[in-house]
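Spelled out, the chains give:
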Amino acid sequence: MSSAMATQQFTANVLRTGARNARKAPRAASRMTVRAAQTDLTLPIDLRGKKAFVAGVADDQGFGWAISKCLAQAGCEVILGTWVPALNIFETSLRRGKFDESRKLSDGSLMEFAKVYPMDAVFDTYDDVPEEIRTNKRYAGNEKWTVAECAEQVEKDFGKIDILVHSLANGPEVAKPLLETSRNGYLAALSASSYSKVSMLQRFGPIMNKGGAAISLTYLASERIIPGYGGGMSSAKAALESDTQVLAYEAGRKWGIRVNTISAGPLGSRAAKAIGFIDDMINYSLTNAPLGEKPLTAMEIGQTAAFLCSPLASGITGSCIYVDNGLHAMGLATDAKSLERSD
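Residues numbered from 1 in each chain as written. Predicted model: local features only at pLDDT ≥ 70, side-chain atom pairs only at ≥ 80, totals over all residues. Heavy atoms only, no water.

**Student:** Please give an account of the overall build of the protein chain that cites residues and values.
**Tutor:** For the protein chain, the count of helices and strands is 11 helices and seven strands. Across the 343 residues in the protein chain, those meeting the buried criterion constitute 43%. Long-range contacts, defined here as pairs at least 24 residues apart, represent 77% of the contacts in the protein chain between residues at least 6 apart. Counting every atom, the protein chain has about 18600 Å² of accessible surface; 54% of that belongs to carbon and sulfur. (Helix = DSSP H or I, 4+ residues; strand = E, 2+ residues; numbered from the N terminus. Buried < 20%, exposed > 50% of the residue type's maximum accessible area, 1.4 Å probe, protein only. Contact = heavy atoms within 4.5 Å. Areas by Shrake-Rupley, 256 points an atom, 1.4 Å probe, with all protein chains shown as cover.)

Structure below.
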C-alpha cells in the first residue's frame, strides 16, 4: 500500500471511531449524571458510633438540650448529667411524654438518652459535700452524683466516651452589681460556672478517646460590659474562656482531645430568665446585631456544637466561636438615642 493510501485509510478509521464515540457520548454522559445523582455528595456531620456526655440538661428549652438533639441527629449516643434537685422533675416529664415534641428528629423518631445520671458539678468528690447538702431532701434517694463519682459510673457503664459537653452556669447573686456582690457569691459563680469545666475535664479526660472534643458555653459579658449580668458571672465567663485555651493545650498534649467554647447570643431559656432582663437583651440583639430582626435559636448553637465535636473540626481547638448573629462585632448601638438627629 502506498503512503498516500495508508494516510487516507488512517484518516477514515479516525473519523469512523470519532463518529462512534460521538454517538456514545450522550448515553455515557447520561449514565454519569444518573450516577452523580445517586451518589451522596453532601458533607455530613457523622457521629455514628460516638458517645457524648452532656452535663446541664434539666428541660427541653436550653442550649444543653439543643446540643444533645443535634448530636443525636448526627448519630451520636447521648448520655446526660442532670443537676440532682432537678432530676426527678426532668425524668418524670421525659417519661410522661412532655418533651416528645421537642425530641422529634428529622426522620420522625424521638431522641433517646442512653442514661441520665444525677450530677452536681460544684462538688468534685463526696468528701467535698457539706453535711447540709448530704442531708438535704432534694438530694435524697440519689447517690454517686459528684463529678468524680459520675465519671466513674459513666466509665463503668459505657467505657470510653468521645464528647464532653459543659452546659452549666449558676450565680446566686447574678442580679447584684459587682460592687454589691459578696465574696461567697462571687466564688460560687466561678465554682459552678467555670471551675466545674476544669473539674469535669480532670475526671472525664482520662476516659475520652483520642481525637475527642470538649465544649462549653460562654457569653459576651466575659469581654464586654453587660449591665445587669452581675454577681461575678462576667468574671466566671472570662475565666471559662481563658481556661478553654489552657485546657486545649494541656488536654491536647495529655489525651489528644480538643477543647473549645461557644459564645452564644441571648436566648429566652428558663435558666436565662433568672437573670431578669433576658427579654431586653433579645430585643437589643434583634435591633443591633448585623443579622438584625433574625431571632437566634438554640438549634443554631446545637448545630455549631455538633460541628465542633465532629471530625470536620479536627483542626479547631482553644477557640471561642461566636454564635450570636454577629452582635459581638458591633461597637455602636444603632438604636442609641445619642445618634438621633432632629430634622
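**Student:** Can you explain helix α2 (residues 63-73)? Please cite residues and give values.
**Tutor:** Counting buried residues in α2 gives 10 out of 11 residues, a clear majority hidden from the surface. After α2 finishes, the residue glycine 75 shows a positive phi value of roughly 100°.

**Student:** Tell me about the packing of aromatic side chains, residues and numbers included.
**Tutor:** Scanning the model with the defined rule gives nine aromatic pairs in all. With a centroid separation of 4.7 Å and an interplanar angle of 25°, the aromatic rings of phenylalanine 53 and phenylalanine 204 are classed as stacked. Of this pair, phenylalanine 53 sits in strand β1 (residues 51-55) while phenylalanine 204 sits in helix α7 (residues 183-204); the two residues are 151 residues apart in sequence, bridging distant segments of the chain. Residue class for phenylalanine 53 comes out buried when judged on its relative accessible area of 0%. Taking the relative accessible area as the measure of exposure, phenylalanine 204 reaches 0% and is therefore buried. With a centroid separation of 6.3 Å and an interplanar angle of 75°, the aromatic rings of tyrosine 126 and tryptophan 145 are classed as edge-to-face. Highlighted residues: tyrosine 126 in the loop between β3 (115-119) and α5 (131-134) and tryptophan 145 in the loop between α5 and α6 (147-158), separated in sequence by 19 residues. For tyrosine 126, a relative accessible area of 34% gives the class partly exposed. Residue tryptophan 145 is classed as buried on the basis of its relative accessible area of 3%. Grouping aromatic residues by their ring pairs yields a cluster made of Trp65, Phe90, Phe99 and Phe113. (Phe/Tyr/Trp six-rings, centres within 6.5 Å; stacked < 30°, edge-to-face > 60°.)

**Student:** With reference to specific residues and values, describe the packing of α2 against helix α11 (residues 298-308).
**Tutor:** Interhelical geometry of α2 versus α11 gives an angle of 50° and a closest axis separation of 8 Å. In terms of orientation, α2 and α11 fall into the oblique class. For the pair α2 and α11, the crossing hand works out as right-handed. Residues Phe63, Ala66, Ile67, Lys69, Cys70 and Leu71 of α2 pack against Ala298, Met299, Ile301, Gly302, Gln303, Ala305 and Ala306 of α11. Residues of the contact of α2 with α11, tallied by class, amount to 10 nonpolar, two polar and one charged. (Axes fitted to C-alpha atoms, helices over the stretch in contact; angles between N-to-C directions. Parallel < 35°, antiparallel > 145°, perpendicular 65-115°, else oblique. Left-handed = near helix turned anticlockwise from the far one by under 90°. Nonpolar A, V, L, I, M, F, W, Y, C, P; charged D, E, K, R; others polar.)

**Student:** I'd like a rundown of the environment of threonine 181, residues and numbers included.
**Tutor:** Checked against the element boundaries, threonine 181 lands in the loop between β4 (161-166) and α7. A relative accessible area of 15% means that threonine 181 is categorised as buried. Sequence separation between threonine 181 and glycine 230 is 49 residues; the distance between their C-alpha atoms is 7.7 Å. Among all residues touching threonine 181, those that are not within four sequence positions of it are Glu173, Lys176, Tyr186, Gly231 and Gly232. Within the structure, threonine 181 has its side chain in polar contact with the backbone nitrogen of glycine 231 (distance 3.4 Å). (Polar contact = N/O pair within 3.5 Å; in protein donor to acceptor, adjacent residues only side chain to side chain.)

**Student:** Please provide a residue-by-residue account of the sheet that holds strand β5 (residues 208-218), values included.
**Tutor:** Within the open sheet, the seven strands sit side by side as β3-β2-β1-β4-β5-β6-β7. Their pairing is parallel. Looking along the sheet, the strands with just one partner apiece sit at the ends: β3 and β7 (320-323). Averaged over all adjacent pairs, the angle separating strand axes in this sheet is 20°, with direction ignored. Pairing analysis gives five bridges linking strand β2 (residues 77-83) to β3, with the strands arranged parallel. If you follow threonine 82 over to β3, its bridge partner there is proline 118. Here helix α3 (residues 84-95) sits on the sheet in contact with β2 and β3, set at roughly 125° to β2. (Pairing = 2+ DSSP bridges.)

**Student:** Tell me about the pairing of β2, and please be specific about residues and values.
**Tutor:** The side chains of a regular strand alternate between both faces of the sheet. By the criterion of burial, β2 is predominantly enclosed, with five of the seven residues buried. Here five bridges tie β1 to β2, and the two strands are oriented parallel to one another. Each bridged residue has a counterpart across the sheet, and for alanine 55 the counterpart in β2 is glycine 81. Read as a crossover between parallel neighbours, the route from β1 over α2 to β2 is right-handed. (Right-handed = clockwise from strand over helix to strand, strands pointing away.)

**Student:** Go over the pairing of strand β6 (residues 258-264) with me, naming the residues and quoting the values.
**Tutor:** Most of β6 is tucked away: seven of the seven residues are buried. The alternating pattern of β6 places Arg258, Asn260, Ile262 and Ala264 on one face and Val259, Thr261 and Ser263 on the opposite face, and all of these are buried. Pairing between β5 and β6: six bridges, direction parallel. Each residue of the ladder has a partner; that of serine 216, found in β6, is threonine 261. Read from β5 through helix α8 (residues 233-255) to β6, the crossover connection turns out right-handed. Pairing of β6 with β7 involves four bridges; the strand directions are parallel. Bridge pairing in β7 places isoleucine 262 opposite isoleucine 321.

**Student:** Can you break down the environment of serine 102 residue by residue, with the values?
**Tutor:** If you trace the backbone, serine 102 turns up in helix α4 (residues 100-103). Take serine 102: its relative accessible area is 22%, and that puts it in the partly exposed class. Once the C-alpha coordinates of serine 102 and glutamine 61 are considered, the two residues, 41 residues apart in sequence, prove to be 8.7 Å apart. Ignoring anything within four residues of it in the chain, the contact list for serine 102 reads Asp60, Trp65 and Lys69.

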